[in-house]
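# Commentary on secondary and tertiary structure
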There are 2 protein chains.
Amino acid sequence: MRGAVLYAPGDVRVEDRQDPRIIEPTDAIIRLSATCICGSDLWPYRGVDRPDGPMPMGHEYVGTVEEVGDQVTTLRPGQFVVGSFWASDNTCEICRSGYQSGCVNRVLMGTVGTQSQLARVPLADGTLVATPGTPDADLVPSLLAASDVLGTGWFAAVAADAGPGRTVAVVGDGAVGLCGVLAARQLGAERVIAVSRHAPRQELARHFGATDIVTERGDAGVERIKELTNGLGAHSVIEAVGTQESMVQAIRSTRPGGHVGFVGVSHDVTLPGDLLFDSLVHLHGGPAPVRQYLPELIELICARAIDPGRVFDLTLPLEEAAEGYRAMDERRAIKVLLQP
Amino acid sequence: MRGAVLYAPGDVRVEDRQDPRIIEPTDAIIRLSATCICGSDLWPYRGVDRPDGPMPMGHEYVGTVEEVGDQVTTLRPGQFVVGSFWASDNTCEICRSGYQSGCVNRVLMGTVGTQSQLARVPLADGTLVATPGTPDADLVPSLLAASDVLGTGWFAAVAADAGPGRTVAVVGDGAVGLCGVLAARQLGAERVIAVSRHAPRQELARHFGATDIVTERGDAGVERIKELTNGLGAHSVIEAVGTQESMVQAIRSTRPGGHVGFVGVSHDVTLPGDLLFDSLVHLHGGPAPVRQYLPELIELICARAIDPGRVFDLTLPLEEAAEGYRAMDERRAIKVLLQP
């Protein structure tokens with residue numbers, strides 16, 4: 001099969017890779033209908049994270065079950081499925097509490113590499129959620145978004161306690177932040193402030209339900225959000241970047257007793273204890289337990305109640321993955337869908 | 001009046017101070033029945049926090065109203081009252097959300113100094129809670145505990161989501177940690193693990209409801225708590241120290257999706273973003289909104305359902321405050337009550 005492999009910073013190649021096969025009896029093999037490039041893929045692409053050697057890329061996927069292992073009981077070949085970046089058994093105590101991304105048997109899909117034609121999915125019964133029948137082709141991008149960016153934005157909104165009567169601010173205008181806007185509105189937030197200085201992203205934020213746009217960053221961004229919230233700060237803040245500046249901005253934009261949901265993958269972030277102490281905020285985040293939300297998200301997408309697939313503003317053949325990485329790195333594209 | 005003043009690290013003196021008087025029409029003057037020394041008073045006493053000049057000490061207090069300002073409507077002279085270390089209006093949006101320690105008009109009682117015979121309490125209507133009648137003398141220590149250590153331990157237990165079915169670990173065996181044990185049990189926790197290596201504190205932890213004692217700290221303490229919780233970590237962890245080691249121990253002792261309630265005043269703590277991200281814990285804490293809990297705590301104390309006053313294992317006249325500080329500094333006493 002063909003698949004994308006990162007050889008060095010900036011050097012992504014699509015090449016022949018070994019077809020995956022069932023290794024554990026709980027595995028499934030899927031044929032991908034669509035895959036994509038994640039903001040977090042840019043960390044190794046930019047050389048911030050250094051892989052040890054050639055690294056198969058990708059952890060987002062939707063597709064059709066090709067084959068299942070002997071112990072897989074709930075899936076059969078031909079089903080259309082969505083999974084997330086952590087494979088999870090969905091039966092352990094941590095999964096049952098809603099934290100499948102902390103599953104005691106979890107396997108990171110990034111080690112599999114789903115920017116490819118086929119993929120092995122461990123713990124298939126726990127990990128994969130089948131759609132009701134084969135979805136219309138135009139729903140595939142939204143279902144692919146559910147695999148990570150929508151599920152992650154949804155978790156961030158839940159972690160930030162977004163809901164009726166709340167003002168939610170979203171720091172970060174990448175696909176996750178934009179999906180956080182969508183999630184906050186779906187969860188009933190009264191007002192959603194998107195922090196963005198890029199016109200196409202502002203426009204998509206508005207489409208997803210943002211009521212206000214703030215263009216300032218850092219201290220000025222904090223002040224602007226306070227101005228919009230009677231000087232108190234937002235009830236709920238979603239952090240979807242993962243830098244020191246964005247984390248501090250998120251915490252300082254939140255009122256005492258408010259909630260910060262952070263899902264940007266932390267890079268060189270160190271939070272001063274006294275900032276956290278004095279802020280009186282709730283802080284919750286990390287790798288999103290997307291699996292928890294998949295059934296609900298699939299239902300909303302299939303009912304056409306939400307269209308998170310709008311985050312894909314560039315679609316390329318898998319063979320042109322390198323151009324997809326360049327487009328995201330240069331912020332020419334919000335998110336790139338790859339057709340295997 | 002007489003009052004305690006810190007002149008330099010290790011140098012606490014009880015001396016004549018100006019009697020407080022009504023400054024704002026919302027003030028009250030109270031005559032203290034009892035006051036005490038807080039673990040956080042040891043930071044400046046040990047020279048970790050450096051005051052600019054002579055510093056009146058103390059922020060915990062119970063006593064009788066002597067005089068009220070013109071705009072005080074709910075209190076009258078002669079009432080026995082309990083307040084907390086942040087004076088708060090109890091009417092602003094932040095107070096109404098339960099975060100009186102983040103009140104937009106808050107005043108820190110530490111600037112008043114309540115290790116004294118009299119004290120001015122700003123925002124008296126919002127800050128002070130009257131007991132039903134004058135309490136029996138033997139209840140005064142428990143009511144004094146409610147002023148800070150119990151209210152703070154209670155907040156930590158609430159922030160850590162302690163409740164039925166939960167295993168709660170408590171890092172820190174000072175008065176706040178011990179009150180956290182009491183609070184966790186009152187909130188219905190099934191199991192409470194106290195981290196302590198001091199026999200008298202272990203004994204008091206057991207009296208307050210601890211079911212297990214862990215003596216190890218740091219990595220070994222984390223491992224021990226995991227052993228006691230099926231390898232998963234506690235559902236809820238209370239952090240009541242405020243150091244880097246205790247914060248990291250608390251976070252690492254918590255299962256994915258669990259809750260850390262931190263109330264130790266942060267000193268030189270910097271939390272690695274990736275630790276927070278990967279841990280998937282909820283983190284909440286800061287200066288406790290004690291005012292929120294005072295009515296309930298007073299009721300429990302007056303009904304003799306709880307006896308948090310047991311944390312006071314040394315009682316001295318106010319004149320001997322210096323010896324009280326030495327006893328706490330040397331860990332000869334858990335907490336020192338001062339009789340004005």
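Residues numbered from 1 in each chain as written. Chains lettered and ligands numbered in written order. Predicted model: local features only at pLDDT ≥ 70, side-chain atom pairs only at ≥ 80, totals over all residues. Heavy atoms only, no water.

### Points about the overall build of chain A
- The secondary structure content of chain A amounts to 12 helices and 19 strands.
- The C-alpha atoms of chain A give 19 Å as radius of gyration, which agrees with the globular expectation for 340 residues (20 Å, within 12%).
- Principal-axis analysis of the C-alpha atoms gives chain A an extent of 60 × 40 × 40 Å.
- Taken across its 340 residues, chain A has 61% of its residues classed as buried.
- The long-range fraction of contacts in chain A, counting pairs at least 24 apart against all pairs at least 6 apart in sequence, stands at 68%.
- For chain A, the exposed area adds up to about 12,500 Å²; of that, 46% sits on carbon and sulfur atoms.
- Computed over 29 positive and 42 negative side-chain charges, the separation of the two mean positions in chain A equals 3 Å. (Helix = DSSP H or I, 4+ residues; strand = E, 2+ residues; numbered from the N terminus. Rg over C-alpha atoms; globule rule 2.2 N^0.38 Å. Buried < 20%, exposed > 50% of the residue type's maximum accessible area, 1.4 Å probe, protein only. Contact = heavy atoms within 4.5 Å. Areas by Shrake-Rupley, 256 points an atom, 1.4 Å probe, with all protein chains shown as cover. Lys, Arg positive; Asp, Glu negative; His and termini not counted. Charge placed at Lys NZ, Arg CZ, Asp CG, Glu CD.)

### Considerations on the relation of the copies chain B and chain A
- Placing chain B over chain A gives an RMSD of 0.0 Å and needs a rotation angle of 180°, together with 0.0 Å of translation along the axis. What the rotation and shift describe, once combined, is the action of a two-fold rotation axis.
- Counting the interface residues of chain B, we find that 100% of their copies in chain A are interface residues as well, pointing to one common contact surface. (Least-squares fit on C-alpha atoms with pLDDT ≥ 70 in both.)

### Some words on the nonpolar core
- In this structure, V62(A), L143(A), L150(A), W154(A), I238(A) and V311(A) are the most contacted members of the largest nonpolar core, which totals 63 residues.
- It is helix 6 (residues 175-186) of chain A that contributes the most residues to this core, eight residues altogether.
- What I238(A) contacts, discounting residues up to four positions off in sequence, is A156(A), A157(A), A160(A), V168(A), A169(A), V170(A), V171(A), G180(A) and G261(A).
- One finds I94(B), V129(B), V170(B) and A184(B) within the second-largest nonpolar core, a separate group that totals 62 residues. (Core = buried A, V, L, I, M, F, W, Y, C linked by side-chain atoms within 4.5 Å.)

### Here's the deal with the side chain of E60(A)
All names here are of chain A.
- Mapped onto the elements of the fold, E60 is located in the loop between strand 4 (55-56) and strand 5 (62-68).
- One polar contact links E60 to K335, side chain to side chain, over a distance of 2.8 Å.
- Apart from residues no more than four positions distant in its own chain, E60 is found in contact with L32, T35, C36, I37, C38, T114, L144, S147, D148, V149 and K335. (Polar contact = N/O pair within 3.5 Å; in protein donor to acceptor, adjacent residues only side chain to side chain.)

### Focus on the sheet that holds strand 1 (residues 2-8) of chain B
All names here are of chain B.
- If you walk across this open sheet you meet the three strands as 2-1-4, and the pairing is antiparallel. Taken across any chain shown, the strands that pair with only one partner, and hence form the sheet edges, are strand 2 (11-16) and strand 4 (55-56).
- Both strand 1 and strand 2 contribute to a ladder of six bridges, which runs antiparallel. Within strand 2, the residue paired with R2 across the bridge is D16. (Pairing = 2+ DSSP bridges.)

### Describing the interface of chain B and chain A
- Taken together, the contacts link 34 residues of chain B with 34 residues of chain A.
- Scanning the region where chain B abuts chain A turns up two salt bridges.
- Put simply, E93(A) and R255(B) hold a salt bridge, and the shortest N to O gap is 2.8 Å.
- Scanning the region where chain B abuts chain A turns up 12 residue pairs in polar contact (both at pLDDT 80 or more).
- For the side of chain B that touches chain A, the secondary structure elements donating two or more residues are helix 2 (93-96), strand 15 (254-262), strand 16 (270-272), helix 10 (273-279) and strand 17 (282-285) of chain B.
- Of the residues that constitute the side of chain B that touches chain A, the class distribution is 18 nonpolar, 13 polar and three charged. (Salt bridge = Lys/Arg side-chain N within 4 Å of Asp/Glu carboxyl O. Nonpolar A, V, L, I, M, F, W, Y, C, P; charged D, E, K, R; others polar.)

### So, the packing of helix 5 (residues 149-159) of chain B against helix 6 (residues 175-186) of chain B
Residue and element names in this part refer to chain B.
- Their axes nearest at 7 Å, the elements helix 5 and helix 6 cross at an angle of 55°. When the axes of helix 5 and helix 6 are compared, the pair comes out oblique. Here the hand of the crossing between helix 5 and helix 6 comes out right-handed. The segment helix 5 lies against helix 6, with V149, L150, T152, G153, W154 and A157 engaging A175, V176, C179, G180, L182, A183, A184 and Q186.
- Classifying every residue of the contact of helix 5 with helix 6 gives 10 nonpolar, four polar and no charged. (Axes fitted to C-alpha atoms, helices over the stretch in contact; angles between N-to-C directions. Parallel < 35°, antiparallel > 145°, perpendicular 65-115°, else oblique. Left-handed = near helix turned anticlockwise from the far one by under 90°.)

### Quick look at the environment of G133(B)
Residues and elements named next belong to chain B.
- Positionally, G133 belongs in the loop between strand 10 (129-130) and helix 4 (140-146).
- Since its relative accessible area comes to 47%, G133 is described here as partly exposed.
- Between the C-alpha atoms of G133 and G78, which are 55 residues apart in sequence, the distance is 9.6 Å.

### Things to note about the environment of Q186(A)
Residues and elements named next belong to chain A.
- Note that Q186 resides in helix 6.
- The exposure class of Q186 is partly exposed, given its relative accessible area of 36%.
- Sequence-wise, Q186 and P164 are 22 residues apart; in three dimensions their C-alpha atoms are separated by 9.8 Å.
- Those residues in contact with Q186 that lie beyond four places of it in its chain are W154, L300, A305 and I306.

### Quick word on the sheet that holds strand 2 (residues 11-16) of chain A
- Strand order in this open sheet of three strands is 2-1-4 (chain A), and the pairing throughout is antiparallel. Two strands bound the open sheet, and with one partner strand each, they are strand 2 and strand 4 of chain A.

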